[in-house]
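# Close look at the chain arrangement
The lines below spell out each chain.
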Amino acid sequence: MSKGYDVVVIGAGPGGYIAAIRAAQHGMSVACIDEWKNKDGKNAFGGTWLNAGCIPSKALLESSELYHRARHEFSKHGISTGDVSMDVAKMQRRRAGIVRQLTGGIGGLFRAAKVDGLVGHGKLLSDKKVEFTPVDGDPEIIDSKHVILASGSGPIELPFAKFDGETIIDSWDAIELDAVPARLGVIGAGVIGLELGSVWSRLGSEVTVLEAMEDFLFMADRDVAKVAAADFKKQGLDIRLGAKVTSATVGKTGVRVDYEDKNGAQSIEVDKLIVAVGRRPYTDGLFADDAGIQIDERGFIVVDDECRTRVKGVYAIGDCVRGTMLAHKASEEGTMVADLISGESAEMNYDVIPSVLYTNPEIAWTGKTEEQVKASGRAYKTGTFPFAADGRAKAMEQTSGMVKIISAEDDDEILGVHIVGPMAGELIAEAVLALEFSASTEDLQRTIHAHPSLSEAMHEAALAVDNRALNYPNK
Ligand code: FAD
Ligand code: AMP
């Protein structure tokens, strides 16, 4: 049987499913193929994002944060709780329920938008033909005018610490643990390592994070990284920098992790070891040799700024192409590509993609770090405002951290905004909008912010850029 579509999307993660719906909104006939299988053996749309990444990790971060607060912070408000306990199985059922609801939601969105959601494997052949192999059926060939590859990524495995799904585990296994490990090791102090380390630390694990680099959160602004490092230490996360793991051996009493730091060879023993050293693009079986798709030396599908591959009419988006591996980056690329296919003009502003770590304190930024602006040679000014001087933060008992704004000296343009503190992941939206509109610091200064609110810290940081903060002494 041979079917035909205007657009076939391979992958229904946040890149693919958004691209499919957007293309359908343009009046095109669309199919979206996905083969994701959950640990219960059931297929589900949503990719890493929904099944094993952003959403389930945030569900656990919320539960573990509430548990931590109930135990350690409620008493400050005068609330006595007695013994607080955590039912891990119930917490995990809640997480699984959220995932189930949202994955089912994508099926509903597909039906409403008239996208054919096809469950099985998709493979790009030559001439924009796609071989679709349903989960329980024989391959069929689909003709398409346009193809969007959105196959995502998978965890990087270390050759000397291979995943066994039990003791040496990846982030997905770490999300689905059914008990709190007494001693938990994490290799990699990146976003995923810190978020999952935080979850299990709050629930009672003794967590050691081993990070090869000397700089903590090298991609973040240094001032922000400093505050975060101090807070994580206070919370009991043992983050060892300059610690390069060389081997991991599973024994009777746990897993022995060997690493090297400036003092020589070291080792720790833990009950579970999460390897969170980054992700690699996933393109296994995605295209035939003669499909014409080019891969770079790290395995990413080569695309231009508009996500076009070398093959006319074939695009690639999300984690399988260059750029930050983030769900919203994947979705925006999906939107752009669907618009371009429909004939509209569209572009993606890669300079203002927000980054967020959902730790406590949260960390969020957009635009350039101070180090990057300095390196660019452009004269700049900075302003910071601590949450300790923000009334709402005080009321919330969440006063750690600050907002830092970096602006150009010449035309006052805001170049970067960095937040470490309560709800940083929400507050950053204002900064993204400001950068998207090339706002000046004065634009933010003259924007009225509700009182009392955390957003006032953004307002005051903008004022502080010109030494005009009103609720904190200026430099
Ligand atoms: P994916 O979500 O990986 O989806 C790809 C889909 O394609 C999968 O369903 C896969 O099965 C399917 N597929 C692949 N090949 C084929 C084929 N040949 N045929 C059929 N189907 C195929 N990002 C954020 O922005 N915020 C966060 O808070 C965040 N937290 C994260 C936490 C964790 C623990 C992890 C692991 C990731 C997190 N991410 C977060 C990253 C985010 O999940 C990814 O950037 C995002 O999922 C990428 O989207 P995608 O559409 O490119 O790919
Ligand atoms: P991210 O790519 O943000 O998920 O972060 C992964 C982190 O793992 C990076 O900060 C790497 O420096 C770190 N990493 C990679 N390999 C090792 C290793 N062998 N030992 C310790 N840390 C590592």
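Attention in this report is confined to the structure presented alongside it. Just so it is clear, the model here is predicted, and its values are computed rather than measured.

Conventions we followed
- Note that residues are indexed from 1 along each chain, following the sequence as it is written.
- As they are written, the chains are lettered A onward and the ligands numbered 1 onward, keeping that order.
- Local features in this predicted model are restricted to residues of pLDDT 70 or higher, and side-chain atom pairs are both shown and tallied only at a pLDDT of 80 or more, whereas totals for entire chains, interfaces and linings draw on every residue.
- As a convention, hydrogens and water are excluded, and side-chain values are obtained from all of the structure's heavy atoms.
- The helix and strand labels rest on DSSP assignments: H or I over at least four residues marks a helix, E over at least two residues marks a strand, and numbering proceeds from the N terminus.
- Each radius of gyration reported is based on C-alpha atoms, and the globular scaling rule is 2.2 Å times the count of residues to the power 0.38.
- Type-normalised accessible area, obtained with a 1.4 Å probe on protein chains alone, sets the label of each residue: buried when under 20%, exposed when over 50%, and partly exposed for intermediate values.
- Whether two residues touch is decided by their heavy atoms; if any such pair falls within 4.5 Å, the residues are in contact.
- Only the protein chains shown count as cover for residues, and the accessible areas themselves come from Shrake-Rupley with a 1.4 Å probe.
- All tallies of charge rest on Lys and Arg as positive and Asp and Glu as negative; His and the ends of each chain are not included.
- We put the charge of a Lys on NZ, of an Arg on CZ, of an Asp on CG and of a Glu on CD.
- Paired rings are identified among Phe, Tyr and Trp, the last through its six-membered ring, by centres lying within 6.5 Å, and are further divided according to the angle between planes into stacked (under 30 degrees), edge-to-face (over 60) and tilted (the rest).
- Counted as over-ring charges are cases with an Arg CZ or a Lys NZ within 6 Å of the ring centre that also lie within 35 degrees of the ring normal.
- A pair of strands is labelled paired if DSSP reports no fewer than 2 bridges between them.
- For every element, the axis is a line fit to its C-alpha atoms; helices are fit only across the contacting stretch, and the angle between N-to-C directions ranges from 0 to 180 degrees.
- How far a helix is expected to stretch is found by multiplying one less than its residue total by 1.5 Å.
- The nearness test applies per residue and asks whether one of its heavy atoms lies within 4 Å of the molecule or strand.
- Whenever two N or O atoms come within 3.5 Å, that pair is a polar contact, provided that in protein one can donate a hydrogen and the other can accept it, and provided that, for residues adjacent in sequence, both atoms are side-chain atoms.
- Throughout this entry, Asp, Glu, Lys and Arg are counted as charged residues, while Ala, Val, Leu, Ile, Met, Phe, Trp, Tyr, Cys and Pro are counted as nonpolar. The remaining residues, Gly among them, count as polar.

### Here's the deal with the overall build of the chain
- If you tally the helices and strands in the chain, you get 13 helices and 21 strands.
- Taking 475 residues into account, the globule formula puts the C-alpha radius of gyration at 23 Å, and the chain, at 24 Å, falls close to it.
- Principal axes of the C-alpha set define a box for the chain whose edges measure 70 × 65 × 45 Å.
- Scored against the burial criterion, the 475 residues of the chain give a buried share of 52%.
- Looking at the chain alone, contacts between residues at least 24 apart form 61% of all its contacts between residues at least 6 apart.
- Carbon together with sulfur atoms contributes 50% to the accessible area of the chain, which is approximately 21,700 Å² in total.
- The averaged location of the 70 negative side-chain charges in the chain is 3 Å from the averaged location of its 51 positive side-chain charges.

### Quick word on the packing of aromatic side chains
- On inspection of all chains with the given rule, the structure shows five aromatic pairs.
- Note on Tyr-17 and Trp-49: the rings are 5.5 Å apart at their centroids and 15° apart in plane angle, and the pair reads as stacked. Placement of Tyr-17 in helix α1 (residues 16-25) and of Trp-49 in helix α2 (residues 47-51) is noted, with a sequence separation of 32 residues between them.
- For Tyr-17, a relative accessible area of 12% corresponds to the buried category.
- Here Phe-216 and Phe-232 contribute two aromatic rings whose centre-to-centre distance is 6.0 Å and whose plane-to-plane angle is 85°, an arrangement assigned as edge-to-face. One end of the pair, Phe-216, is in the loop between β9 (206-210) and α7 (222-234); the other, Phe-232, is in helix α7, with 16 residues separating them in the sequence.
- We classify Phe-216 as buried; its relative accessible area is 6%.
- Assessed through its relative accessible area of 0%, Phe-232 is described here as buried.
- Here the basic side chain of Lys-39 rests over the ring of Trp-172, its NZ or CZ set 4.2 Å away from the ring centre.

### Side note on the sheet that holds strand β19 (residues 380-386)
- Within the open sheet, the five strands sit side by side as β17-β18-β21-β20-β19. Their pairing is antiparallel. The open sheet has two edge strands, β17 (355-357) and β19, and neither has a second partner. Neighbour to neighbour, the strand axes of the sheet diverge by 10° on average, direction disregarded.
- Here six bridges tie strand β20 (residues 402-408) to strand β21 (residues 414-421), and the two strands are oriented antiparallel to one another. When the bridges of β21 are listed, Ile-405 appears paired with Val-417.
- Those strands touched by α7 are β18 (362-367), β20 and β21, and its axis lies near 10° from that of β21.

### With respect to helix α11 (residues 424-436)
- Taking 1.5 Å per residue as the helical rise, α11 with its 13 residues ought to reach 18 Å, and the 18 Å between its terminal C-alpha atoms agrees with that figure.
- By the burial criterion, the buried members of α11 are Ala-424, Gly-425, Leu-427, Ile-428, Ala-431, Val-432, Ala-434 and Leu-435.
- On the buried face of α11, the contacting elements are β17, β18, β21 and α13 (455-465).
- Phi for Ser-438, located one or two positions after α11, is positive at around 50°.

### Observations concerning the site of ligand 2
- If you check the shell around ligand 2, you find 15 residues, and the closest are Gly-188, Glu-211, Ala-212, Ala-243 and Val-245.
- Within the contact set of ligand 2, a nitrogen atom lies 3.0 Å away from a backbone nitrogen or oxygen of Ala-212.
- For ligand 2, a nitrogen atom lies 3.0 Å from a polar atom in the backbone of Val-245.
- For the shell around ligand 2, the residue count by class is 10 nonpolar, three polar and two charged.

### Things to note about the site of ligand 1
- Around ligand 1 there are 38 residues in total, and Asp-34, Thr-48, Lys-58, Asp-319 and Ala-327 lie nearest to it.
- Within the backbone of Trp-49, a nitrogen or oxygen atom sits 3.2 Å from an oxygen atom of ligand 1.
- Look at ligand 1: alone it shows 1,000 Å² of surface, and the protein chains cover 95% of it.
- Here the residues of the shell around ligand 1 are counted per class, giving 17 nonpolar, 16 polar and five charged.

### Quick word on the sheet that holds strand β10 (residues 238-240)
- Across the sheet, which stays open at both edges, the five strands sit in the order β7-β14-β8-β9-β10 with parallel pairing between neighbours. The open sheet is flanked by β7 (168-169) and β10, the only strands paired with a single partner.

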